[in-house]
Amino acid sequence: MATLIPGWTQLKALATPLTAGEAHLAAYLERDLGPEWEVYLQPFLNGTRPDVVALHPTRGALILEVKDWNLDLYRWPQGEGRWRVRSAGGEARIANPFGKADHYRENVLRFLVPEVGALVREQGWGALGMVRVGVYFHQATQAQVRQLTAGRVHGAVWQLGHDSLTPGAALRWLGGEGRVPEQFAPLLRAWLNPPAHALEQVAPLRLCRAQENIAQPKAGFMRVRGVAGSGKSLVLAARAARVALAGGRVLVVSFNITLWHLLRDGVRRAGGAAALGNVVFNHFHGLARDLSNESGLSWQECGDDPAELIRRAATLLGVRYDAVLIDEAQDMEDAWGEALMELVTDGGQLLAACDDLQNVYGRPAGWLSAARFGRWRELRSSVRLHDTVVRLANDFASAFLPGVGLMAESDQPMLPLGAPEFRWQDQAGRETALLGAVERVRELIRAGAQPTDIAVLLPDHRLGLEFVERLETLGIRVNHVFTEDQDDKRQKFAFWMGDARLKACTVQSFKGWEARHIVAVLDMPGQASPQHAMIAYTAITRAQGSLTILNLCGHFRGFGQGARELALQAG
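Within any chain, residue numbers begin from 1 and follow the written order of that chain's sequence. Two thresholds apply to this predicted model, a pLDDT of at least 70 for residue-level local features and 80 or more for giving and counting side-chain atom pairs, whereas whole-chain, interface and lining totals are computed over all residues. Here the side-chain values reflect all heavy atoms present in the structure, with hydrogen atoms and water set aside.

1. A look at the packing of helix H13 (residues 306–317) against helix H14 (residues 334–341)
To get an axis, a line is fitted to the C-alpha atoms, and for a helix only the part in contact is used. The angle between two axes follows their N-to-C directions and goes from 0 to 180 degrees. Helix numbers and strand numbers start at the N terminus; a helix is a DSSP run of H or I with at least 4 residues, a strand a run of E with at least 2. Interaxial distance between H13 and H14 falls to 8 Å at its minimum, and their mutual angle equals 10°. It follows that H13 is roughly parallel to H14 by the angle criterion. In this structure, H13 uses Pro306, Ala307 and Arg311 to contact H14, whose residues at the interface are Ala335, Trp336, Glu338 and Ala339. Side-chain classes are defined by residue name, with Ala, Val, Leu, Ile, Met, Phe, Trp, Tyr, Cys and Pro counting as nonpolar, Asp, Glu, Lys and Arg as charged, and the others, Gly among them, as polar. Tallied by class, the residues present in the contact of H13 with H14 amount to five nonpolar, no polar and two charged. Here the angle decides the label: under 35 degrees means roughly parallel, over 145 means roughly antiparallel, 65 to 115 means roughly perpendicular, and every other value means oblique. Contacts: residue pairs with any heavy atoms within 4.5 Å of one another.

Written as structure tokens, this is what we have:
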């Protein structure tokens, strides 16, 4: 028999009891699957709650939506994505349950388990077979379901009726043995069922006094600005963990798709896995998509406005959080920030952390007003960057961003990485810069650097793809975000710092991260602007150790002499 989580005793005590269909399907799966299976009922999956998730260590996962619907009342008009249901009050549109199930699958592989989601990029959508999905209609036969869907459901998505639950059938709903990487089940299990204790062998967060003052949970709205390397993300993670361990519901959100992995690691370090069960991690547009899927509201109904979608969906679902914590808050448009503020419960708290010098999207951040947030709290000490990097960044900001943001007042490196190496080279053209980036990577590896410690920051997807192709021709594997179709986000969902490969992305995608060795190509078209300087500043402040800048921007030419002088001083 399979293991049910939670067990029947706990299930009977749920505030929202299982429906007849959910209970029937749970009993069937418990009986039909072997002891190596785990069957989760209404699990908390980063803020969403699929009805049933079955997990096997080598065959992958099965996610099932359960509907106790009388299908005589439902129809699915041709050409429409949503279904319609009849009631005494007339006909209403509702979410497509098959679309909802498929959203859970893509969320798992493209967002929650990026270590395995990388296979989706490398193998194509066929890798989605690691997670199978379907919808079980408890009051219908399989034939009735197929008659309603009329061939509009992909063959890989199961359409199940009550007569589908025959002995041995459940095994056919999963993929074959051996297709799933061994790390998949433990990683997904950590989302489905975080341990109930917080005693884990992880490096704890150590906060200085200024950080600790901000990390303490407190009702109301707070805005924090800090210099690069001041530990804003770690402070935010520590506060999230404390609220979560006290039983509060927490939303941790950023604009950057690639940043949330760092934030989740920080929460785990601060509070152990026990804290993760009360925290939802997302990027802004991902939050909108998840709420859309849960509420049945479409983007079109909300004018393709993610802020309006979040407002309306949260109201329909009753979604509110005791704490909303926003990293890189300067990236948020005003309407987005205001929508996030509305998600805070009465008496709750919101913390917005930002750095004016890293406003690479040029957004006004008017929502972070003194009238709403009061005075700025400040983190002026860079505890992550080497002191020479801090001086270089300050010199750059003074030259190209005078009067913008905070300058680091002290520089006490968190990691004793030794004296760093700096190179600033003005380049004649993109091909020269590309060759320089490739050669610098080869030089670092020959000197003993591990690929996982190297990050190469490129200005656009076209140059990024050329760089990746040249490196992989040399046998150097790369985890990157680049694609010819920039609407395809698979690369970004699979991009995470724990991957053993060399990292390559844009400066914007690397905001919030850092690496031992940074190689950055700067090439911003058009006239020089403060936004261009902020992109360059952000690239400089990603380096924990060696920093190589290959500069194509005429406005910044000649700054390299100062970098060379700093390098000589550091040596």
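2. Concerning the nonpolar core
Throughout, nonpolar core names a set of buried Ala, Val, Leu, Ile, Met, Phe, Trp, Tyr and Cys residues whose side chains join them through atoms within 4.5 Å. Here the term buried applies to any residue with accessible area under 20% of the maximum for its type, exposed to any over 50%, and partly exposed to those in between, with areas from a 1.4 Å probe on protein chains only. Core analysis: the biggest nonpolar cluster contains 129 residues, and Val108, Phe184, Phe396, Phe467 and Phe556 have the highest contact counts within it. Here this core takes eight residues from helix H9 (residues 232–245), the largest share from any one element. Grouped together as the second largest cluster of nonpolar side chains are 35 residues, Val319, Tyr321, Ala339 and Leu350 included.

3. Here's the deal with the sheet that holds strand E1 (residues 3–5)
A pair of strands is considered paired only if DSSP assigns at least 2 bridges between the two. Here six strands make up an open sheet; going across it, the order is E1-E2-E3-E4-E8-E9 and the pairing mixed. Edge strands, defined here as strands with exactly one partner in the open sheet, are E1 and strand E9 (157–161). Strand-to-strand, the axes of this sheet are offset by a mean angle of 20°, without reference to chain direction. As paired strands, strand E4 (residues 60–67) and strand E8 (residues 131–137) are joined by seven bridges and run parallel to one another. Of the residues in E8, the one forming a bridge with Val66 is Tyr136.

4. Notes on the layout of surface pockets
Here the second largest pocket defines a volume of roughly 750 Å³. Here a cavity denotes a set of grid points, spaced 1 Å apart and computed over the protein atoms alone, in which a 1.4 Å probe fits but from which it cannot get out, and a pocket denotes an open set meeting protein on both sides within 12 Å along at least five of seven lines; residues with an atom within 4 Å of a point are reported as lining. Lining the second largest pocket are 32 residues, with Gly99, Lys100, Asp102, His103 and Asn293 sitting closest to its centre. Elements represented by at least two residues in the lining of the second largest pocket include exactly helix H3 (97–112), strand E12 (279–283) and helix H12 (284–295). With nine residues, H3 is the largest single contributor of residues to the lining of the second largest pocket. Grid points are joined across faces, edges and corners, and a volume is the space filled by probe spheres set on the points.

5. Some remarks on the pairing of strand E3 (residues 52–56)
On a regular strand, one side chain projects to one face of the sheet and the next to the other, so that they alternate. Within E3, five of the five residues are buried, which leaves the element mostly enclosed by the surrounding structure. Burial along E3 is two-sided: the residues Val52, Ala54 and His56 and Val53 and Leu55 are all buried. For strand E2 (residues 38–41) and E3, the ladder comprises four bridges, and the chain directions are antiparallel. The partner of Leu41 across the bridge, within E3, is Val52. Pairing of E3 with E4, which is carried by five bridges, proceeds in the antiparallel orientation. From the neighbouring strand, Leu55 faces E4, where its bridge partner is Ala61.

6. A few points about the sheet that holds strand E5 (residues 74–75)
Strand order across the open sheet formed by three strands is E5-E6-E7, with antiparallel pairing between neighbours. Because the sheet does not close on itself, it has two edges, and the strands there are E5 and strand E7 (90–94). Relative to E7, strand E6 (residues 83–87) runs antiparallel, the two being bridged by five bridges. Residue Ser87 lies in a different strand from E7, and its bridge partner there is Gly90.

7. Regarding the packing of aromatic side chains
Two aromatic rings, drawn from Phe, Tyr or Trp (for Trp, its six-membered ring), form a pair once their centres lie within 6.5 Å of each other, and the interplanar angle then sorts them: stacked below 30 degrees, edge-to-face above 60, tilted otherwise. Per the stated rule, a full pass over the model turns up 21 aromatic pairs. Their ring planes at 45° and their centres at 6.1 Å tell us that Phe98 and Phe137 sit as a pair that is tilted. In this pair, Phe98 is assigned in helix H3 and Phe137 in strand E8, connecting sequence segments 39 residues apart. Taken individually, Phe98 and Phe137 each receive the classification buried, so the pair is uniform in this respect. Relative to Trp336, the ring of Phe255 has its centre 5.5 Å away and its plane inclined at 25°; by these criteria the two rings are stacked.

8. Description of the pairing of E6
Pairing between E5 and E6: two bridges, direction antiparallel. Opposite Arg75, over in E6, you have Arg84 as the bridge partner. Hairpin geometry of E6 and E7 is characterised by an intervening segment of two residues between the two adjacent antiparallel strands.

9. Regarding the pattern of salt bridges
By convention in these notes, a salt bridge is any Lys or Arg side-chain nitrogen within 4 Å of a carboxyl oxygen on Asp or Glu. Evaluated as defined, the whole model comprises 26 salt bridges. The shortest N-O distance in the salt bridge between Arg311 and Glu342 comes to 2.9 Å. One end of the pair, Arg311, is in helix H13; the other, Glu342, is in the loop between H14 and strand E14 (344–354), with 31 residues separating them in the sequence. Using a relative accessible area of 22% as the deciding quantity, one classes Arg311 as partly exposed. In this structure Glu342 comes out as partly exposed when scored by relative accessible area, which is 41%. A salt bridge links Arg470 to Glu431; its shortest N-O distance comes to 2.9 Å. Placement of the pair is Arg470 in helix H18 (residues 461–473) and Glu431 in helix H17 (residues 430–446), with a sequence separation of 39 residues. Residue Arg470 is classed as partly exposed on the basis of its relative accessible area, which comes to 27%. Residues joined in a network through salt bridges with shared partners are Arg75, Glu80, Arg84 and Glu91.

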